[in-house]
Amino acid sequence: MIVDSCVDSTGEPRPLRYLEQIGVNPAESVGLVVATHWHDDHIRGMEEVVARCGRARFCCSAALRTGEFLAAARTLEGRRQSQLGSGVREMHGVFSRLDRSRQPLWALADRRVHRWPTAEVWALSPDDSTFERFLQVLASLTPESGQAKRRLSEPSPNEVSVVLWLAGGDIVVLLGADLERAGWARIVAGKARPEGVASAYKVPHHGSKGADDPAVWEKLLAPSPMAVVAPWTRGGRVLPTEKDIHRILDHTRHAYITAPPRSGGKWKGIREVERTLRESGAVVRADRESDGVVRLRRPLDGGTCWSVALFGSASRLADAVAA
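Residues numbered from 1 in each chain as written. Predicted model: local features only at pLDDT ≥ 70, side-chain atom pairs only at ≥ 80, totals over all residues. Heavy atoms only, no water.

Engineer: Honestly, the overall build of the protein chain in this entry has me stumped. Any pointers?
Structural biologist: A count of helices and strands for the protein chain gives 12 helices and 16 strands. Here the protein chain, with 323 residues, has 46% of them falling under the buried criterion. In the structure as shown, the protein chain presents an accessible area of about 16500 Å², 50% of it carried by carbon and sulfur atoms. (Helix = DSSP H or I, 4+ residues; strand = E, 2+ residues; numbered from the N terminus. Buried < 20%, exposed > 50% of the residue type's maximum accessible area, 1.4 Å probe, protein only. Areas by Shrake-Rupley, 256 points an atom, 1.4 Å probe, with all protein chains shown as cover.)

What follows is the structure, given as structure tokens:
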């Protein structure tokens, strides 16, 4: 199963490269590909992932099957140079690759979207009540004839994000996507979700306060679960903040981050150095080991402890504060 995507410095989808590095053929072994939502930082490379995982079903939010969204995506064809979100273009490319034999799976709250002999995947969001709000926002972002073209972006909060519940044996993993607090409140209050608590947690929305609901830690997660955060930087904004990190550490001592949070200014400086080197004729290649990966593993046939491996810039979340 592949959930979301990003690309390396060569444009290669990172999930595919990782699977190949551990000896797994994506074309033969991947049974499910999920796009939790269409923000740029979650689905870069998704079109290629879908193309190369030829046996996999593709799953995304049921909100995206609306005629309004598909019509908006179709208008993007041939407009690669426009100021439109690359996430929308990526999703348009995914839909273009699907045919009748690979109809999408539409994720809705409290519905099983896939099953293997030893594990199953449930969607915990979005719920039916989000559809009308999604359509209203989408209508406001899509220009009519004669209007200026604007960047199509995700409704805020990220109510249509697909939160996933993975269960295999006595192991449960909760993948939080970018769902924010209002959506989590609906999940916690829901009565139809699968029973149990998760021992591993992909912290939602880069650890931001707006996505944190204490009830999730109390009711959906085991005490001090394994928790993984992916940072986010744009301009001068950085997530998680130091306050966010301390709040997460109050919930668990087993927290990890794929890279230390860094300010936009610092990244800008790196880009300026790279541009200067290229202008002088130097060849600049990114160090792949700087790509951060947190790998959690636990056997399905027994054992109660997760093993943790950190690669590249990944570290314990507590060390990110110290740095």
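Engineer: Can you walk me through helix α10 (residues 242–251) in this structure?
Structural biologist: Because an α-helix packs 3.6 residues into every turn, residues spaced three or four apart end up facing the same way. Buried within α10 we find D244, I245, R247 and I248. Buried residues of α10, seen end-on, are gathered within an arc of 165° and therefore sit on one face of the element. In this structure, α10 carries E242, K243 and D250 as exposed residues pointing more than 90 degrees from its buried face. (Arc of directions from axis to C-beta.)

Engineer: Mind showing me how you'd approach the confidence of the model for the protein chain here?
Structural biologist: Close inspection of predicted coordinates is inappropriate for parts of the model with low pLDDT. Mean pLDDT over the protein chain: 83, with 78% of residues reaching 70 or higher. Low pLDDT (under 50) marks residues 77–84, which in the prediction has 13 contacts with non-local residues, meaning those over four places away or in another chain. Taken as a whole, residues 264–269 scores under 50 in pLDDT and shows 7 contacts with residues more than four places along the chain or in a different chain. (pLDDT = per-residue confidence, 0-100. Contact = heavy atoms within 4.5 Å.)

Engineer: Explain the sheet that holds strand β16 (residues 315–316) here, please?
Structural biologist: Strands belonging to one sheet form pairs held by backbone hydrogen bonds; the direction of such a pair is parallel or antiparallel. Here we have 8 strands laid out as an open sheet, ordered β5-β6-β7-β8-β9-β10-β13-β16, and mixed in their pairing. Edge positions in the open sheet fall to β5 (111–115) and β16, since each of these has one partner strand only. (Pairing = 2+ DSSP bridges.)

Engineer: What is the right way to look at the packing of aromatic side chains in this model?
Structural biologist: In this description, an aromatic ring pair is defined by two values, namely the gap between the centres and the angle between the planes. Within this structure, the stated rule accounts for 4 aromatic pairs. Pairwise contacts between aromatic rings join F58, F95 and W106 into one cluster. (Phe/Tyr/Trp six-rings, centres within 6.5 Å; stacked < 30°, edge-to-face > 60°.)

Engineer: Can you walk me through the pattern of salt bridges in this structure?
Structural biologist: Oppositely charged side chains are able to pair whenever their charged atoms sit close together. Counted according to the given criterion, the structure contains 13 salt bridges. Residue R52 is joined to E12 by a salt bridge in which the shortest nitrogen-to-oxygen separation is 3.2 Å. Here the residue R52 occupies a position in helix α4 (residues 46–52), and E12 occupies one in the loop between β1 (2–3) and α1 (14–21), the gap between them amounting to 40 residues. The shortest N-O distance in the salt bridge between R186 and D127 comes to 3.5 Å. Remark: D127 occurs in the loop between β6 (120–123) and α7 (130–141) and R186 occurs in helix α8 (residues 181–189); sequence separation between them is 59 residues. Judged by its relative accessible area of 27%, R186 falls in the partly exposed class. Given a relative accessible area of 22%, D127 falls into the partly exposed group. Among the charged side chains, a network of salt bridges with common partners joins E12, E20, E48 and R52. (Salt bridge = Lys/Arg side-chain N within 4 Å of Asp/Glu carboxyl O.)

Engineer: When you look at α1 in this model, what are you seeing that I'm missing?
Structural biologist: Inspection of α1 places R14, P15, L16, R17 and L19 among the buried residues, and these make up the whole buried set. Where the residues of α1 are buried, they touch β1, α2 (26–29), α4 and β14 (293–297). Of the residues one or two after α1, G23 is the one with positive phi, at around 85°.

Engineer: So what exactly am I meant to see when it comes to the pairing of strand β9 (residues 198–202) here?
Structural biologist: In regular strands, side chains alternate between the two faces of the sheet. Here β9 lies mainly inside the structure; 4 of its 5 residues are buried. Note: strand β8 (residues 171–175) against β9, 3 bridges, orientation parallel. Directly across from V173, in β9, lies its bridge partner A200. Regarding the hand of the β-α-β motif, the stretch spanning β8, α8 and β9 is right-handed. (Right-handed = clockwise from strand over helix to strand, strands pointing away.)

Engineer: Mind showing me how you'd approach the nonpolar core here?
Structural biologist: Nonpolar side chains in soluble globular proteins generally cluster together in the buried interior. By size, the foremost hydrophobic cluster in this structure holds 26 residues, and its most contacted members are L174, W184, Y201 and V216. Among the secondary structure elements, those contributing two or more residues to this core are β8, α8, β9, α9 (214–219), β10 (221–229), α10, β13 (255–257) and α12 (317–322). Residues in contact with W184, not counting those within four places in the same chain, are V163, L174, G176, L179, Y201, P204, A211, D213, V216 and L220. By size, the runner-up hydrophobic cluster in this structure holds 24 residues, among which are W38, C53, A56 and V88. (Core = buried A, V, L, I, M, F, W, Y, C linked by side-chain atoms within 4.5 Å.)

Engineer: In this structure, what is going on with the sheet that holds β1? I would like to understand it.
Structural biologist: Ordered in space as β1-β2-β3-β4, the 4 strands form an open sheet in which the pairing is parallel. Edge positions in the open sheet fall to β1 and β4 (105–107), since each of these has one partner strand only. Relative to strand β2 (residues 32–35), β1 runs parallel, the two being bridged by 2 bridges. Across the sheet, I2 pairs through a bridge with V33, a residue of β2.

Engineer: How should unusual backbone geometry be read in this particular structure?
Structural biologist: Leaving glycine aside, a negative phi is the common case for residues, and trans is the common case for peptide bonds. At the junction of S125 and P126, the peptide bond is cis and its omega measures out at 0° in the coordinates. Here P126 shows up in the loop between β6 and α7. Cis geometry marks the peptide bond from L239 to P240, where omega comes out at -5°. Although it is not a glycine, D110 adopts a positive phi angle of roughly 60°. Positive phi, normally seen in glycine, also occurs at A177, with a value near 50°. Here A177 lies in the loop between β8 and α8. Here A177 falls in the buried class, since its relative accessible area comes to 5%.

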